[in-house]
Amino acid sequence: MGDSSLNPVVWLGVGSSFAFSGLFYHLYREKKKELIKLKEIPIFQPDEHLLKVLNASPHKRLQYVAVEGVVHADGEPLTSKFVPRCQGVIQKVVQLEHWKYWNNITRTWNSRTTNQKESSNTVPFSLVQPGSYISQVYVKVQDPLEASGCYMEVVHSKARRAQESLVDVVVQGLRGEKPMAMVECEEMLRVGSSLTGFGEVVLEGGQVVRLQAPQDGRSYVLVPSDYRSFMARHEASATMWMALTAVTGLTGASLLACIVSNLLGKRDDRSR
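Rules of the game
Residues numbered from 1 in each chain as written. Predicted model: local features only at pLDDT ≥ 70, side-chain atom pairs only at ≥ 80, totals over all residues. Heavy atoms only, no water. Salt bridge = Lys/Arg side-chain N within 4 Å of Asp/Glu carboxyl O. Helix = DSSP H or I, 4+ residues; strand = E, 2+ residues; numbered from the N terminus. Phe/Tyr/Trp six-rings, centres within 6.5 Å; stacked < 30°, edge-to-face > 60°. Buried < 20%, exposed > 50% of the residue type's maximum accessible area, 1.4 Å probe, protein only. pLDDT = per-residue confidence, 0-100. Lys, Arg positive; Asp, Glu negative; His and termini not counted. Core = buried A, V, L, I, M, F, W, Y, C linked by side-chain atoms within 4.5 Å. Contact = heavy atoms within 4.5 Å. Patch = residues over 30% accessible without salt bridge, like charges linked within 9 Å, V, L, I, M, F, W, Y side chains within 5 Å. Areas by Shrake-Rupley, 256 points an atom, 1.4 Å probe, with all protein chains shown as cover. Arc of directions from axis to C-beta.

Participant: Before we move on, could you go through the pattern of salt bridges and cite the residues and values that matter?
Facilitator: Where charged atoms from two side chains of opposite charge come close, those side chains can pair. All chains considered together, the criterion is met by 9 salt bridges. A salt bridge links lysine 31 to glutamate 34; its shortest N-O distance comes to 3.2 Å. Here lysine 31 pairs with glutamate 34, and both are found in helix 1 (residues 8–39), just 3 residues apart, close to one helical turn. A salt bridge links arginine 61 to glutamate 200, with the nearest nitrogen and oxygen atoms 2.9 Å apart. Taken together, the positions of arginine 61 in strand 2 (residues 61–73) and glutamate 200 in strand 10 (residues 194–204) put the pair 139 residues apart, joining distant regions of the chain.

Written as structure tokens, this is what we have:
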């Protein structure tokens, strides 16, 4: 075996470990900055306290706050097309086609997906205080489709293989493409689910509270959980980046210490 201290693979491992440690530490710092900004955002629930704060605010407006509550349909909710007794306020049904096409250059069949059909439906909805049977304060959610965030839940997903006849096989061979499967997926924002909205809150007419996109350009976000769970996920992400920083840093330091120890040992052997 050659001298491990001169092995380029070992030095590559040292350099890679320190490089990844620096990258993970950068991601940790960015996540901590994001957490600090999130913790500065006031958090409210749809209750009398929110009404009092709005009434005392200039123009009865809170520029950027978080409101957590439970989804409540203002009228008749939407019903799932596939799942019995599943109701929501936003519904999205997507049909995807998976195809294979012949690549003349590589002489192989490659895959591609096309969006064959997509439909979205919404009904007006509000956020109500969690755990309250009769809520006196409702926060109406304005233009939810304009908000970012993965707040929809997949309630149905089914794939069907394409049926092919002999004629279809011949035609598809000539065209160089053939269908493989059809995937049907339904997503909903369900009634009764927890939702936290980040945006501007305004009081209209003394009673109507509305959550809407901020006028100052900040992000309008809907999160499918309560505020505590949302913050816990961000804290866990920061902890993960810090742990990866420590692991890769210690790995690089250990490898470097072994190399230095090996070099010092060989120098002592020569001096004897």
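Participant: Go over the packing of aromatic side chains, please, and point to the residues and values.
Facilitator: In total, this model carries 4 aromatic pairs according to the counting rule given. Relative to tyrosine 28, the ring of tyrosine 25 has its centre 6.1 Å away and its plane inclined at 35°; by these criteria the two rings are tilted. Highlighted residues: tyrosine 25 and tyrosine 28, both in helix 1, separated by 3 residues, approximately one helical turn. Ring centres of phenylalanine 198 and phenylalanine 230 lie 5.3 Å apart, and the angle between their planes is 50°; on these two criteria the pair is classed as tilted. With phenylalanine 198 in strand 10 and phenylalanine 230 in helix 4 (residues 227–271), the pair connects residues that are 32 residues apart, well separated along the chain. Assigned by exposure class, phenylalanine 198 and phenylalanine 230 land together as buried. The structure contains a cluster of three or more aromatic residues connected by ring pairs, namely Phe20, Phe24 and Trp241.

Participant: If you had to explain the confidence of the model for the chain to someone new, which residues and values would you point to?
Facilitator: For the chain, the average pLDDT comes to 84, and 84% of its residues sit at 70 or higher. Per-element averaging of pLDDT across the chain places helix 3 (residues 166–175) at the bottom with 48 and strand 7 (residues 139–141) at the top with 96.

Participant: Give a description of the side chain of aspartate 47 that names residues and reports values.
Facilitator: Within the secondary structure layout, aspartate 47 lies in the loop between strand 1 (43–44) and helix 2 (48–56). Of the side chains with opposite charge, lysine 52 comes closest to the buried, unpaired aspartate 47, at an N-O distance of 9.1 Å.

Participant: If you had to explain the nonpolar core to someone new, which residues and values would you point to?
Facilitator: As a rule of thumb, nonpolar side chains are buried together in soluble globular proteins. Counting 31 residues, the largest nonpolar core has Val89, Phe125, Leu189, Leu195, Val201 and Val209 as the members making the most contacts within it. Among the elements of the structure, helix 2, strand 2, strand 4 (87–103), strand 6 (125–128), strand 7, strand 9 (177–190), strand 10 and strand 11 (208–212) are those that each provide at least two residues to this core. Looking at which element gives the most residues to this core, the answer is strand 2, with 5 residues. When neighbours within four sequence positions are excluded, valine 201 is seen to be in contact with Leu54, Lys60, Arg61, Leu62, Val65, Val67, Val209, Arg210 and Leu211. Core analysis: the second largest hydrophobic core is formed by 13 residues, Leu35, Ile41, Phe230 and Ala238 among them.

Participant: Outline a nonpolar patch on the surface, listing residues and values.
Facilitator: Side chains of Trp11, Phe18, Leu256, Val260 and Leu264 sit close together on the surface and give an oily, nonpolar patch of about 420 Å² of accessible area. Of the residues forming the nonpolar patch, the biggest block, 3 residues, is contributed by helix 4. Turning to its location among the elements, leucine 264 is positioned in helix 4.

Participant: Describe helix 2, and please don't skip the residues or the numbers.
Facilitator: Inspection of helix 2 places Leu50, Leu51 and Leu54 among the buried residues, and these make up the whole buried set. Each buried residue of helix 2 lies within a common arc of 100° when the element is viewed along its axis, so the set occupies one face. Facing away from the buried side of helix 2 by more than 90 degrees, the exposed set consists of Lys52 and Ala56. In this structure, the buried side of helix 2 is in contact with strand 1, strand 2, strand 7, strand 10 and strand 11.

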